[in-house]
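An overview of the molecular structure
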Amino acid sequence: MHRIDLLLNKLTLERKVRLLTGADEWSTHPDPDIGLRAMVLSDGPSGIRGVTWDERDPAVNLPSATALAATWDVSTAHAYGAVLAAEARRKGAHVVLGPTINLHRSPLGGRHFEAFSEDPLLTADLAAAYVRGVQSGGVAATPKHYVGNDFETERFTANVSVSERALRELYLAAFEKAVVEARAWAVMSAYNAVNGATMTENPLLAEPLCGEWGFDGVVVSDWWAARTTAPAALARQDLVMPGPDGPWGEALVTAVRDGRVPESAVDEKVLRLLRLAARVGALDGFTPAPDTASPGDTATSASEASPSDTATSAGSAAGSAEDGAVLARRVAADGMVLVRNDGELPWAAPGPRSVAVIGHNALQFRTQGGGSATVTPPYVVSPLDGLRAALPDAEITWTLGAVTQAGIAALPIALLTDPVSGEPGVRARFLAADGRELLSENRRSADLARLGGSRPAGTASVEVSTRYRVREPGIVRLGVAGAGRATLTVDGVRVLERELVHEGEDFGGGLVSPPHASVPVEPAGEEVVLVARLDDVPQRNGLTLTLGEDLSPGTQATDAKQANSTDGDPAEAIEAAVVAARRAEVAVIVVGTSPEIEREAADRATLALPGAQDALVRTVAAVNPRTVVVVNAGAPVLMPWRDEVAAVLLGWFGGQEFGTALADVLLGAVEPGGRLPTTWPAKEADVPVLATAPVDGVVAYDEDIHIGYRAWLRAGTQPAYPFGHGLGYTSWELTGLAATPDEVSVTVRNTGDRAGKQVVQVYLSRESSTVDRPERWLAGYAVVRADAGRAERVTVRLTRRSFQHWDQGWRTEPGDFTVHAGTSVADLTLTARISVP
Ligand code: BGC
């Protein structure tokens, strides 16, 4: 008998069942008698938050999954996973809750930024590489959310109605390689239902996941997704999160005693949990498996070892991960997609003498999407910071131009001093109802997000005080966000008093966009003491306090002399930007979305950019022909002005090093290496699959296998930029296509005058077929890097699966297929015929 089975035999039913629900929000239960330690699970997927939301425990904030996907580079996805594993170890986490690999079915999907692509092959390859990277560090990866969570509206209850074929060829295919090839140690079951059964009870957990695909890891529920005792326990659902409460516990013990759930079902779940613990080094006597991907795979059965071996061998495995900040910068540049360039980029050395940097997101760059993916980065290099550092001798101005974010933007730490300790940041005090000080501490942010876990019991008031070094003389609109009775004093004078009530019961919504109030203040002198306070704070978890500046319409903001009061009028804000753009050699406008509109738990209502940003771009481009637009959004947005500007760069949610990477790209130190992992539409009306809202609780995937570029091709409509598109700084020629059913090779020549990257893409089509097929579909690709004038012979392997369709099993329709090779789904210059038996 295997030693894991012997451990199981030592446990009573109660002790077994206890292990199957979390001990708290992020950990599992230990059982010291069998040498089992608690395991910590952490979000993911683009940084490791750990168990608290606290700026004193920052995490490397990598670019969003859409940026990673735009690299089309599996080796980069592996490196990304390895950095996450190192971060997880540093934070004491055993399980990373990622990658998110639901598909980009509609660009309105709220978590689009967190997932990879509209194409199942590209998604599956990147997911598998990410999983391998994470698990090479001895940490479990958790591909999520299995399956059909491709939208956010009514996500707990919506039922996806989808054909078996579309499931197999698209939505399950996205998960398959992560499980079958990369051998993920965990998978997260989704909130939604598929074809009538909620995913924590769905037969898809058994087949294909555990049977056909051989998954032997733990199925973790999405947080609060498991809602029943017997049906979830009878399914291949293993671990209910979070804990300590939930639908199992005592109720499951009773269900087993009553004969409604066989004890063998509980045993299987416990075995899987113990196997996971053995793999991640949380079970005494077992050597953690450091690398499932290597040929000498040791992961499928954890081997015996002395308990003392456990920690050391696991600890060293992550040692080879790249430095997080270095990787963040590399992915940001390599995933940046240059969709348009009239010759403006790259800037010739030594760069422009003056740059008008414009846009809310240029100053407050969104490094990540909102929701559970959020981590606190140690610092953020904004586009403005990045350009100022790279062009120290240039005159660089910043103007707001247009507001994107509603609410209070935290005052930057660089301008704040704790008045008690003299350290950077703020003094946070937690007070009881009788005014007693429960805790006083230095905090390194004016945004005390999610105080739920860290505030002392009995906290009735929270106070933040700081010495604020005034950025610019003049009026600034200061405010407070959070729930409770809010006050703000400036140098001892009360300037604001307001009852702030968080509407609705949505705990998440209260954290993402809390109520706020602000007032115009004209600081006297270069430094003022600010005290923001919330009294009578709500006693539930969703407590947050931000002291900051209100940039919303009706307010003003200045950073540099050129940008004076805009006084809330969008036209005046644009005018100030135009003045700056006229005076400068080049204008760089950073447009983007805001935390309210692009985040978890809600789909977007529109693809249009918020506020007056479209008008801003048009007006600035009309006065400065050298206008470069940088898009700071995790998902497609409409760019009606795209042909009126000199260049457009898609920067996604580019992570903590984005500003550095942007300067690298603008100045030509590196190429923008990205290719679109998803089609970017010109107009909302053109998008073939757009609606995300359930109708009577059902989201009907009626388009079947035709999503993304497949749907665009079928509709015959031109998007703004097609799947796979992206420009570099050199030119290429593809020749000499040779194809067999096993591989395709092409000669790729760099015909320009500098080194560059190209992504060679191979699609298949089938002219006469007895089955419904996409007009063409991605079958393989290769990243090529070549010096000026160099040619490379590139081979792309094809798998049998690329020729197959699902019809109650994988089938190959014999006959001729056409192979297309090129540089986007719409730019395929080479074709060949192959015959498949
Ligand atoms: C999200 C998951 C996440 C979990 C824990 C859920 O709301 O859907 O992706 O891992 O919360 O934060």
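The present account deals with the structure reproduced in this document. Just so we're clear, the structure is a prediction, and the values are computed from it rather than from any experiment.

Some thoughts on the overall build of the protein
Tallying secondary structure elements over the protein gives 20 helices and 38 strands in all. Computed over the C-alpha atoms, the radius of gyration of the protein is 27 Å, within 12% of the 28 Å expected from 2.2 N^0.38 for a compact globule of 837 residues. Each of the three principal axes of the protein carries a C-alpha extent, and together these read 75 × 70 × 55 Å. Scored against the burial criterion, the 837 residues of the protein give a buried share of 64%. For the protein, the share of sequence-separated contacts (at least 6 apart) that also reach a separation of at least 24 residues comes to 75%. For the protein, the accessible area works out to roughly 28700 Å², and carbon and sulfur atoms hold 51% of it. Charge separation in the protein, taken as the distance between the mean sites of 76 positive and 104 negative side-chain charges, equals 2 Å.

Considerations on the site of the ligand
As a matter of local geometry, the ligand sits amid 13 residues, with Asp 43, Arg 111, His 145, Tyr 191 and Asp 222 nearest to it. Between the ligand and Arg 111 there is a distance of 2.7 Å, counted from an oxygen atom to a side-chain nitrogen or oxygen. Between the ligand and His 145, the relevant distance is 2.7 Å, taken from an oxygen atom to a side-chain nitrogen or oxygen of the residue. Its free accessible area being 310 Å², the ligand has 93% of it covered by the protein chains. Its residues assigned to classes, the shell around the ligand shows 5 nonpolar, 2 polar and 6 charged.

Points about helix α10 (residues 249-257)
Because an α-helix packs 3.6 residues into every turn, residues spaced three or four apart end up facing the same way. For α10, every residue scored as buried is listed here: Leu 252, Val 253, Ala 255 and Val 256. When α10 is viewed along its axis, its buried side chains cluster within an angular range of 160° and face the same direction. For α10, exposure combined with an orientation more than 90 degrees from the buried face picks out Glu 250 and Arg 257. Contacts made by the buried residues of α10 are with α2 (13-19), α9 (230-234) and α11 (263-280). Count one or two residues on from α10 and you reach Gly 259, which has phi positive near 85°.

A look at the packing of helix α6 (residues 164-171) against helix α7 (residues 173-180)
One can describe the packing of α6 onto α7 by two numbers: an axis separation of 5 Å at closest approach and a directional angle of 55°. It follows that α6 is oblique to α7 by the angle criterion. In this structure, α6 contributes Leu 167, Arg 168, Glu 169, Leu 170 and Tyr 171 to the contact, and α7 contributes Ala 173, Ala 174 and Phe 175. Residues belonging to the contact of α6 with α7 are distributed by class as follows: 6 nonpolar, no polar and 2 charged.

Quick word on the environment of Val 760
Structurally, Val 760 is set in strand β32 (residues 756-765). Its relative accessible area of 1% is what places Val 760 among the buried residues. Sequence separation between Val 760 and Val 746 is 14 residues, and the spatial gap between their C-alpha atoms is 8.5 Å.

Notes on the sheet that holds strand β2 (residues 95-96)
Sheet architecture is open: 3 strands sit in the order β1-β2-β3, paired in parallel fashion. The open sheet has two edge strands with one neighbour each: β1 (41-42) and β3 (140-141). Bridge count between β2 and β3: 2 bridges; the pairing is parallel. Bridging across to β3, Val 96 finds its partner in Ala 141.

Digging into α6
Burial analysis of α6 places 7 of its 8 residues in the buried class, which makes it a mostly covered element. By the burial criterion, the buried members of α6 are Arg 165, Ala 166, Leu 167, Arg 168, Glu 169, Leu 170 and Tyr 171.

Focus on the pairing of strand β30 (residues 732-739)
As paired elements, β30 and strand β31 (residues 743-750) share 6 bridges and run antiparallel to each other. Counted as the bridge partner of Ala 739 is Val 744 from β31. If you look at the hairpin formed by β30 and β31, you'll find 3 residues sitting between the two strands.

Observations concerning the packing of aromatic side chains
One pass over the structure, following the stated rule, counts 16 aromatic pairs. Aromatic side chains Trp 652 and Trp 680 sit 5.8 Å apart centroid to centroid with 80° between the ring planes, which places their arrangement in the edge-to-face category. One end of the pair, Trp 652, is in the loop between β28 (647-650) and α19 (658-666); the other, Trp 680, is in the loop between α19 and β29 (698-700), with 28 residues separating them in the sequence. Both residues of the pair, Trp 652 and Trp 680, belong to the buried class. Through successive ring pairs, a cluster of aromatic residues spans Trp 72, Tyr 709, Phe 723, Tyr 763 and Tyr 781. Here Arg 766 stacks its cationic end above the ring of Phe 817, 4.8 Å away from the centre of that ring.

A short note on the side chain of Arg 773
Inspection of the secondary structure assignment puts Arg 773 in the loop between β32 and β33 (777-786). Residue Arg 773 is classed as buried on the basis of its relative accessible area of 11%. At a separation of 2.8 Å, a polar atom in the side chain of Arg 773 contacts the side chain of Glu 813. Apart from residues lying up to four places away in sequence, Arg 773 is in contact with Ile 705, His 706, Arg 766, Phe 803, His 805, Glu 813 and Phe 817.

Regarding the nonpolar core
Grouped together as the largest cluster of nonpolar side chains are 101 residues, with contacts concentrated most on Phe 116, Tyr 146, Val 147, Tyr 171, Leu 209, Val 746 and Leu 778. Broken down by element, the residue count for this core peaks at 9 residues, all from helix α5 (residues 120-135). Per-domain counts for this core show at least three residues from each of domain 1 (1-34 + 184-191 + 205-289) and domain 4 (703-836). Apart from residues lying up to four places away in sequence, Val 746 is in contact with Leu 734, Thr 735, Gly 736, Leu 737, Val 760, Glu 792, Arg 793, Val 794, Ala 821 and Leu 830.

Notes on the environment of Ala 77
Inspection of the secondary structure puts Ala 77 in helix α4 (residues 74-90). C-alpha separation for the pair Ala 77 and Ala 432, spaced 355 residues apart in sequence, amounts to 48 Å. Once residues within four sequence positions are removed from consideration, Ala 77 is found in contact with Leu 68, Leu 126, Ala 129 and Tyr 130.

Re the side chain of Asp 238
Residue position: Asp 238 is located in the loop between α9 and α10. A distance of 2.8 Å separates a polar atom in the side chain of Asp 238 from the backbone nitrogen of Val 219. A distance of 3.4 Å separates polar atoms of two side chains, one belonging to Asp 238 and the other to Arg 272. When sequence neighbours within four positions are dropped, the list of residues in contact with Asp 238 reads Leu 20, Gly 217, Val 218, Val 219, Trp 248, Lys 269 and Arg 272.

Thoughts on the packing of α4 against α5
Close contact between α4 and α5 brings their axes to 6 Å; oriented N to C, the two are set at 35°. Seen along the crossing, α4 lies across α5 with a hand that is right-handed. From α4, Val 74, Ala 77, His 78, Tyr 80, Gly 81, Ala 82, Leu 84 and Ala 85 reach across to α5, where they touch Asp 125, Leu 126, Ala 129, Tyr 130, Arg 132, Gly 133 and Val 134.

Definitions and cut-offs
- Residues numbered from 1 in each chain as written.
- Predicted model: local features only at pLDDT ≥ 70, side-chain atom pairs only at ≥ 80, totals over all residues.
- Heavy atoms only, no water.
- Helix = DSSP H or I, 4+ residues; strand = E, 2+ residues; numbered from the N terminus.
- Rg over C-alpha atoms; globule rule 2.2 N^0.38 Å.
- Buried < 20%, exposed > 50% of the residue type's maximum accessible area, 1.4 Å probe, protein only.
- Contact = heavy atoms within 4.5 Å.
- Areas by Shrake-Rupley, 256 points an atom, 1.4 Å probe, with all protein chains shown as cover.
- Lys, Arg positive; Asp, Glu negative; His and termini not counted.
- Charge placed at Lys NZ, Arg CZ, Asp CG, Glu CD.
- Near = heavy atom within 4 Å.
- Polar contact = N/O pair within 3.5 Å; in protein donor to acceptor, adjacent residues only side chain to side chain.
- Nonpolar A, V, L, I, M, F, W, Y, C, P; charged D, E, K, R; others polar.
- Arc of directions from axis to C-beta.
- Axes fitted to C-alpha atoms, helices over the stretch in contact; angles between N-to-C directions.
- Parallel < 35°, antiparallel > 145°, perpendicular 65-115°, else oblique.
- Pairing = 2+ DSSP bridges.
- Phe/Tyr/Trp six-rings, centres within 6.5 Å; stacked < 30°, edge-to-face > 60°.
- Lys NZ or Arg CZ within 6 Å of the ring centre and 35° of its normal.
- Core = buried A, V, L, I, M, F, W, Y, C linked by side-chain atoms within 4.5 Å.
- Domains from an automatic or database assignment.
- Left-handed = near helix turned anticlockwise from the far one by under 90°.

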